[in-house]
Amino acid sequence: MIPILSHQENIDSTALSFLDALAQAGFAGDIEKSYASRLAVATDNSVYQSLPQAVVLPKHQQDIVIMTQLASQPAYAQVRFSPRGGGTGTNGQSLTQDIVVDLSRYMNQVLEVNAEEGWVRVQTGVIKDQLNDALRPHGFFFSPDLSTSNRATVGGMINTDASGQGSLKYGKTSDHVLELTTVLVDGTVLESTPQSNQAAKQLAEQSGTIGNIYRQVLETCENMQQEIEQRFPKLNRFLTGYDLKHVYDVESGAVDLSRILCGSEGSLGFITEAKLNITPIPKYRALINVKYDSFESALRNAPFLVKANALSVETVDSKVLNLAKQDIVWHSVSDLIQDVPNKEMDGLNMVEYAEQDEAKQQQKIASLCQLLDDKIAKGEDGIIGYQVCDDLAGLNRIYAMRKKAVGLLGAAKGRAKPVAFAEDTCVPPENLADFIMEFRALLDSKGLNYGMFGHVDAGVLHVRPALDMCDPLQETLMREVSDKVVALTAKYKGLMWGEHGKGFRSEYGPEFFGETLFNELRKIKAAFDPYNRVNPGKICTPFASTDQLVSVDAVKRGFYDRQIPVQVRDSFTEALDCNGNGLCFNYDASSPMCPSSKITQDRRHSPKGRAGLMREWLRQLVNNNVDIIQLEKELLAGKNDVSLVKRFANSWSKKRGQYDFSAEVMEAMEGCLACKACSSQCPIKVDVPTFRSRFMFLYYSRYQRSIKDYLVGYSEAYTPLMAKAPGLFNVFLKQNWVQKLATKATGMVDIPVLSQPTLARSLAGHSALNFDLDALNEMSAEQRSKTVLIVQDPFTSYYDADVVRDLVLLAEKLGFNPVILPFKPNGKPQHIKGFLQDFAKTAKNAADFLNQIAQLNIPMIGTDPALVLCYRDEYNKALGDDRGQFKVELFQEWLTPRLAELEPFAASNMTFYLFGHCTEKTNLPNSTADWQQIFTAFGAQLKPVSVGCCGMAGTYGHDAKQYENSKGIYSLSWQQELAKHDMAQCLATGYSCRSQVKRFEGEKLKHPVQALLSLL
Ligand SMILES: Cc1cc2nc3c(=O)[nH]c(=O)nc-3n(C[C@H](O)[C@H](O)[C@H](O)COP(=O)(O)OP(=O)(O)OC[C@H]3O[C@@H](n4cnc5c(N)ncnc54)[C@H](O)[C@@H]3O)c2cc1C
Ligand code: SF4
Ligand code: SF4
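Residues numbered from 1 in each chain as written. Chains lettered and ligands numbered in written order. Predicted model: local features only at pLDDT ≥ 70, side-chain atom pairs only at ≥ 80, totals over all residues. Heavy atoms only, no water.

Would you mind going over the site of ligand 3 in detail, with residue names and values included?
Taken together, 13 residues lie near ligand 3, and C594, R610, C672, C675 and C678 sit nearest. Among the secondary structure elements, those contributing two or more residues to the shell around ligand 3 are helix 23 (607–623), helix 27 (677–681) and helix 28 (688–699). Considered class by class, the residues forming the shell around ligand 3 number ten nonpolar, one polar and two charged. (Near = heavy atom within 4 Å. Helix = DSSP H or I, 4+ residues; strand = E, 2+ residues; numbered from the N terminus. Nonpolar A, V, L, I, M, F, W, Y, C, P; charged D, E, K, R; others polar.)

Right, dumping it as structure tokens:
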């Protein structure tokens, strides 16, 4: 069994007493001190790892005032903080060993939209896409763009001065900030609005922190004008943190303090509210995809494209292009970026035009096309062709392809993974091509693998060389390359940080600002935060302080990960490879990723949180001398098991308060719905259900399981028995007191009733029930081609039998001979609960049976996506080669290629709405299109509805502990979308989804096969 893991980094005693005092002081938000909560914010998208003392999550600004006022008491002088938003920084910007103040959980409201005057006021924990959703109905958007828009907060954007595509026209975040409200570390609330010189001077005369700040800023700006002018490169991505160039208007002497705060990376205070200007959504958008014979040609041609008045010019190199081409995503754009006959496309520039006026838009597009035609005719600039895309859906598909391809870079095979440390350099666009050639030569000379893409219009290059950060030598190489890139950017008159901010790269600050100006930054820091208490060490330290700047050499994740032996790391890649990009915090309720994260707003309950906990858990086991792989093997073989008494005793000790880190990990794992969205939606394919079941398997080698686990895990064994007398069980289960008792005794709610009539009864006398292997064996090839075998699953067959019945009737009406295979447990419930030893046996039995049937060469189909897909994924992982070659398809996978063989159907004017199962949508990207094709062939229309998870996910929704979350997840998208349609026209492919709708709406949705049957 696994040992108890009692190690946890203790919280410093002053911090602990501060947190206790904070709880007493009227702080309304959350204070999280558990090791798991601290670990969940110990990483971002960078290579660093830093464990904070605690995480506090304020409910409102007053909470931050309470916190900072308390911290001003002498007893807490040593307490320090770091603000945090989405935690998507690429260089450890929000990482700290102090107290994390996370504004994303509660302080995320859009407070006021003033479309007439073109501004919005927000709390800074609001996510950028959430803000744009609120602005869209008014015809506006917040224009600074960034790839992490579905999880990065406005607070994070302001503090890193974020920008992205379209920055030539839309600028950086700071260009859109009108006012900020900031709580300073001494509890002062600073409202920064632009001030005339006279007003700024009056403010500077005040005593107190605000007076100090104005005095210092005026002094620096007035005295250092020449130095500032010389030092700050004239770039679109100008030098921020702190933005001395824009804070002071030389002509008028006006001061806008917000400019100092933008890009300050949380080192000056907690920005709580922002008034931002907003931009009208362009009415017309188009993308011209220009194709090149090489990446270098694409780079050298970029200035020409910018001159052609483009909104933005984005580029990708051949590595990124090829990754996209090999991925399924290419299907969505292959018609929009076609290959050029007899030419190799090794570079691509995506040129966007966006206008309010159609004629203006057309004229710009036509004039670029004319120029491109001339160049192609003359064979100039390596241009081999171009394509124009002017429909929004196509445009979005192309950008989605780019985003996905960039994500695929991160999923590189092998131990070396792309890492961020010089990933956002910026040089004047006219220097970009030469700079990149030299940059490539540097990386090539070190034998590093990389892909490149970027905003060529702004001279920004994105590159993440692949390094194995578990190898100390590679860590040293990272530092060496980093230093060389700093020198290279300086040579080309650029910046090391063109987009993502500084974080642990702050040590290079003096090099870029020069000693004189850097000292001025330190004086400004001292005016805001004299004792270096907010995000200490980032950007700069206060003047006169002896504190050190953070360094690129800070402790990295690799330091911890390398303590896990290579074999274990290789075996648990699904957890180890998470790079913290935060895509799993996706705010969009209609995206399947990740329901438990969305509903809890708790980072522990995200794929990233779970992967981080798993890594630490493995590390601690190793440090406790556990040979994890060997232990797993032994347990799977039924060895090394402990007695029931011992397991009960261990559970009892835990219940009585004995600390075990495994229990913290378990809490996070229990909150997972095992919906598998992460396993396909995460760019790195972090697969929580896979490592979660392995974790549970090992966890229960020490502790005793609950009855609920056995009820779920072995449901496939007892359900067929119950289904022999469904009436009896149903009468029983329909009693309120029985349900209540069941909840009390087993921890399960709303236990579903069995189908009545049963499948056998509803098809009584039908040939589909007469499975006879010999008879099937004797069939001719012609007969076999007209036969289809139906693989049963426990949920549909025993709880939703009319779906299987209707599938039989539909297949028959389509001219096929359906035969239902005898029920064989699939094992998915065992896998979910981590009964891995038994799952392996169940899977082997089912695979043996299905392989035998597969010899018949007759298609096999199943109805429930989660169970059918289990044959592919979980079976492969558990059985390896023993899985054999059998194939079970979903109905739509089977029928779509056969549609052409069917007689044409009469047209109907029926429209249906498809609520797809999330495992199906995420793991079978063609699924919706297949269903649509089928409905079109049947003469009807099928419209997919954008929904996330329904909240049931197998048995998660029946777990009393998870009931409220299950209901909450349902209300995020399903409830709202169903309310928009007639339920009779809404279709759901998943059994779980249908049962969830039934319990909350009292009505059952049809499976698509039932709707198809109704059309015949
Ligand atoms: C895959 C990927 C792609 C990216 N693409 C882009 C891109 O296109 N453009 C771009 O600009 N960036 C990009 N980034 C970087 C990152 O997303 C941005 O820096 C983003 O603005 C960070 O926002 P966040 O909410 O995650 O902030 P965090 O990472 O939580 O914090 C960032 C900094 O802001 C501070 N901070 C956060 N909130 C507050 C607050 N309310 N008050 C005071 N300080 C605060 C933190 O202390 C920290 O220093 C990318 C990152 C990843 C992982
Ligand atoms: S789990 Fe995937 S999506 Fe989430 S942070 Fe890790 S790598 Fe990114
Ligand atoms: S399986 Fe679903 S709920 Fe669990 S971590 Fe992955 S996306 Fe989240």
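Having seen the model, we can carry on.
Go over the site of ligand 1, please, and point to the residues and values.
Taken together, the neighbourhood of ligand 1 is formed by 34 residues, with P83, T88, T148, T153 and S163 sitting nearest. Take G89: an N or O atom from its main chain is 3.0 Å from an oxygen atom of ligand 1. The contact in question runs from a nitrogen atom of ligand 1 to an N or O atom on the side chain of E499, over 3.2 Å. Burial of ligand 1 by the protein amounts to 95% of the accessible area it has alone, namely 970 Å². For the shell around ligand 1, the secondary structure elements donating two or more residues are strand 3 (81–84), helix 5 (154–160) and strand 10 (270–277). (Polar contact = N/O pair within 3.5 Å; in protein donor to acceptor, adjacent residues only side chain to side chain. Areas by Shrake-Rupley, 256 points an atom, 1.4 Å probe, with all protein chains shown as cover.)

So what's going on with a nonpolar patch on the surface? Residues and values would help.
A cluster of nonpolar side chains, L644, V645 and F648, forms an exposed patch at the surface whose accessible area comes to about 320 Å². With respect to the helices, strands and loops of the structure, F648 is situated in helix 25 (residues 644–655). (Patch = residues over 30% accessible without salt bridge, like charges linked within 9 Å, V, L, I, M, F, W, Y side chains within 5 Å. Salt bridge = Lys/Arg side-chain N within 4 Å of Asp/Glu carboxyl O.)

Give a description of the pairing of strand 2 (residues 54–57) that names residues and reports values.
If a strand is regular, its side chains alternate between the two faces of the sheet. Alternating residues of strand 2 divide into A54 and V56 and V55 and L57, and every residue in both groups is buried. Pairing between strand 1 (residues 30–32) and strand 2: three bridges, direction antiparallel. By the bridge assignment for strand 2, D30 is matched with L57. Relative to strand 4 (residues 99–102), strand 2 is paired through three bridges, and the arrangement is parallel. Across the sheet, residue V55 finds its bridge partner in strand 4, namely V100. (Buried < 20%, exposed > 50% of the residue type's maximum accessible area, 1.4 Å probe, protein only. Pairing = 2+ DSSP bridges.)

I'd like a rundown of the pattern of salt bridges, residues and numbers included.
Close approach of charged atoms allows side chains with opposite charge to pair. Within this structure, the stated rule accounts for 61 salt bridges. Its salt-bridge partner being R231, residue E227 comes within 3.8 Å of it at the nearest N-O pair. One end of the pair, E227, and the other, R231, are both in helix 9 (residues 225–231), four residues apart, so they sit about a helical turn from each other. What makes E227 partly exposed here is its relative accessible area of 23%. Across the pair R285 and E352 runs a salt bridge, and its minimum N-O distance is 2.7 Å. Of this pair, R285 sits in strand 12 (residues 284–292) while E352 sits in strand 14 (residues 347–355), placing them 67 residues apart in sequence. Among the residues examined, R285 registers a relative accessible area of 26% and is labelled partly exposed. Salt bridges sharing common partners tie together K676, D687, K828, D873, E874 and K877.

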